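# Breakdown of the fold
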Amino acid sequence: MAKLRHIALSVKDPEATAQFYEDAFDLQRVGTTDSELAKGIYLSDGVMNIALLSYKTNEMSGYVEGEDERGKDFEGIHHMGFVVDNLEKTERKIENAGG
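Keep in mind the model is a prediction, meaning the values are calculated, not measured.

The rules we used
Note that residues are indexed from 1 along each chain, following the sequence as it is written. Only residues with pLDDT of 70 or above have their local features reported here, since the model is predicted, and side-chain atom pairs are shown and tallied only from 80 upward, although totals for entire chains, interfaces and linings are computed over all residues. Remark: hydrogens and water are excluded; side-chain values derive from all non-hydrogen atoms of the structure. Two strands make a pair as long as DSSP finds a minimum of two bridges between them. Every helix listed is a DSSP run of H or I at least four residues long, and every strand listed is a run of E at least two residues long, numbered separately from the N terminus. To get an axis, a line is fitted to the C-alpha atoms, and for a helix only the part in contact is used. The angle between two axes follows their N-to-C directions and goes from 0 to 180 degrees. Residues count as neighbours in contact if any of their non-hydrogen atoms are within 4.5 Å of one another. What counts as a salt bridge is simple: a side-chain nitrogen of Lys or Arg found within 4 Å of a carboxyl oxygen of Asp or Glu. A simple rule labels every residue: compare its accessible area, found with a 1.4 Å probe on the protein chains alone, to the largest value its type can have, and call it buried under 20%, exposed over 50%, or partly exposed in between.

## Considerations on the sheet that holds strand E5 (residues 76-83)
Overall, mixed pairing links the five strands, which are arranged E2-E3-E4-E1-E5 in an open sheet. On the outer flanks of this sheet lie strand E2 (28-34) and E5, each paired with one strand and no other. Mean inter-strand twist for the sheet, computed between neighbouring axes without regard to direction, equals 20 degrees. Sheet topology places strand E1 (residues 3-10) next to E5; seven bridges connect them, and they run antiparallel. Across the sheet, Ser10 pairs through a bridge with Gly76, a residue of E5. Helix H1 (residues 14-25) rests against E1, E2, strand E3 (38-44) and strand E4 (49-55) of the sheet, and its axis sits at about 10 degrees to E3.

## A short note on the pattern of salt bridges
A side chain of one charge can pair with a side chain of the opposite charge when the charged atoms of the two come close. Considering all chains together, one arrives at five salt bridges under this definition. Between Glu75 and Lys12 there is a salt bridge, with its nearest N and O atoms 3.7 Å apart. Of this pair, Glu75 sits in the loop between helix H2 (58-61) and E5 while Lys12 sits in the loop between E1 and H1; the two residues are 63 residues apart in sequence, bridging distant segments of the chain. Among the residues examined, Glu75 registers a relative accessible area of 47% and is labelled partly exposed. Notably, a salt bridge pairs Lys56 with Asp34, separated by 2.6 Å at the nearest N-O pair. Remark: Asp34 occurs in strand E2 and Lys56 occurs in the loop between E4 and H2; sequence separation between them is 22 residues.

Here you go:
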């Protein structure tokens, strides 16, 4: 069985957003990033983590014209991550389900 472990949110201000989740839900900071991809903060409740990412360019955000046009200015859920027992089996299940 797959287990959800990671949700990435595209946000304008990672610091202000992190402060909100810390104050409202008692999440803890567990890391930061400032790479070519994005500037961001990682929070956790001890099981799940949330990445609060401010993408630096449309290309780094995964923008693909005509397919995924969210771009660097999009705000909201960007992607999710799952832990799986068997990667190859899960890949086949995803493909068979239409992914």
